[in-house]
Amino acid sequence: MKNIFAETYIEVPFYDLDPMNVVWHGNYVKYLEIARCDLLSKIGYTYDDMKADGFAYPIATMDLKFIKSAKFMQKIKVVSTILDYEPALNIRYEIFDCESGQKIFKAKSMQICVNISTRESVYNAPKRFVEKLEAYA
C-alpha cells in the first residue's frame, strides 16, 4: 500500500484550554477527529459516503502519547497516515508545532468496519473506499 496521508492545520482556540492554560488532554482526541475527517475528505470518501454505502467505522481502540502541551493560539499540524485498512482501518497521527517543527503528540486509532443494517463487523473495506484509496495520490 502506498503512503496515504494528509496534513491538517489547527490554531488552538481559547476554549480548548484547561485551568493550567494548556490544551486539556481530551481535546487532542478532537484534533484527531478533525484530522481524520480531513484525511477522508481529501481521499474522497467521507463518513457520509460510508453511510450511503451502508457502513460505519466506529473507533475500537486509541493509543495516545502526550509529549508536550499545546498552548492558546499555537499553530499545530496534524499528520494523519493510513497504516492499513483491512481487516480494520488503522491510522497514525503525529501533531507538530508549526513554528519549531517539534513533535508534541502522537497517537494511533483502530476503526472497525460495521454493516449498518446488521451491526456486524465487516473485515473487507467497502469497494468504493478501496477504489478511492487506490486513486489517492
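You'll find the structure just up there.
Calculation notes
Residues numbered from 1 in each chain as written. Predicted model: local features only at pLDDT ≥ 70, side-chain atom pairs only at ≥ 80, totals over all residues. Heavy atoms only, no water. Salt bridge = Lys/Arg side-chain N within 4 Å of Asp/Glu carboxyl O. Helix = DSSP H or I, 4+ residues; strand = E, 2+ residues; numbered from the N terminus. Buried < 20%, exposed > 50% of the residue type's maximum accessible area, 1.4 Å probe, protein only. Core = buried A, V, L, I, M, F, W, Y, C linked by side-chain atoms within 4.5 Å. Contact = heavy atoms within 4.5 Å. Patch = residues over 30% accessible without salt bridge, like charges linked within 9 Å, V, L, I, M, F, W, Y side chains within 5 Å. Areas by Shrake-Rupley, 256 points an atom, 1.4 Å probe, with all protein chains shown as cover. Lys, Arg positive; Asp, Glu negative; His and termini not counted. Charge placed at Lys NZ, Arg CZ, Asp CG, Glu CD. Pairing = 2+ DSSP bridges. Axes fitted to C-alpha atoms, helices over the stretch in contact; angles between N-to-C directions.

Caption draft 1: The pattern of salt bridges, seen in detail. Counted by the stated rule, this structure contains nine salt bridges. With its nearest N and O atoms 3.1 Å apart, the salt bridge here joins Glu 11 to Lys 75. Pair noted here: Glu 11 is in strand S1 (residues 4-11) and Lys 75 is in strand S4 (residues 75-84), with a separation of 64 residues, a long-range link. Relative accessible area serves as the criterion here: at 40%, Glu 11 is assigned to the partly exposed category. A residue is classified by how much of its surface remains accessible, and Lys 75, at 48% relative accessible area, is partly exposed. Close ionic contact of Lys 127 with Glu 131 constitutes a salt bridge, the shortest N to O distance being 3.8 Å.

Caption draft 2: Geometry of the nonpolar core. Formed by 35 residues in total, the largest nonpolar core has its most connected members in Tyr 31, Ile 82, Ile 95 and Phe 129. Listing elements by their share of this core, those giving two or more residues are S1, helix H1 (27-43), S4, strand S5 (89-97), strand S6 (103-111) and helix H3 (127-135). No other element matches the seven residues that H1 contributes to this core. Apart from residues no more than four positions distant in its own chain, Phe 129 is found in contact with Leu 40, Tyr 45, Tyr 57 and Leu 89.

Caption draft 3: Up close: a nonpolar patch on the surface. The grouping of Phe 14, Phe 72 and Met 73 at the surface amounts to a nonpolar patch, some 340 Å² of accessible area in total. Tracing the sequence through the fold places Met 73 in the loop between strand S3 (59-66) and S4.

Caption draft 4: Inspection of a positive patch on the surface at higher detail. Judged by side-chain charge, Lys 65, Arg 92, Lys 106 and Lys 108 come together as a positively charged surface patch. Among the structural elements, Lys 108 can be located in strand S6. On the accessibility criterion, Lys 108 (44% relative accessible area) is partly exposed.

Caption draft 5: Focus on the sheet that holds S1. Taken in spatial order, the five strands line up as S1-S4-S5-S6-S3 in an open sheet, and their pairing is antiparallel. A strand with exactly one partner marks an edge of an open sheet, and here the two such strands are S1 and S3. Taken pair by pair, the neighbouring strands of this sheet meet at an average axis angle of 15 degrees, ignoring direction. Relative to S5, S4 runs antiparallel, the two sharing eight bridges. Bridge pairing links Val 78 to Ile 95 in S5. Where H1 meets the sheet, its contacts fall on S1, S3, S4, S5 and S6, and the angle it forms with S1 comes to roughly 130 degrees.

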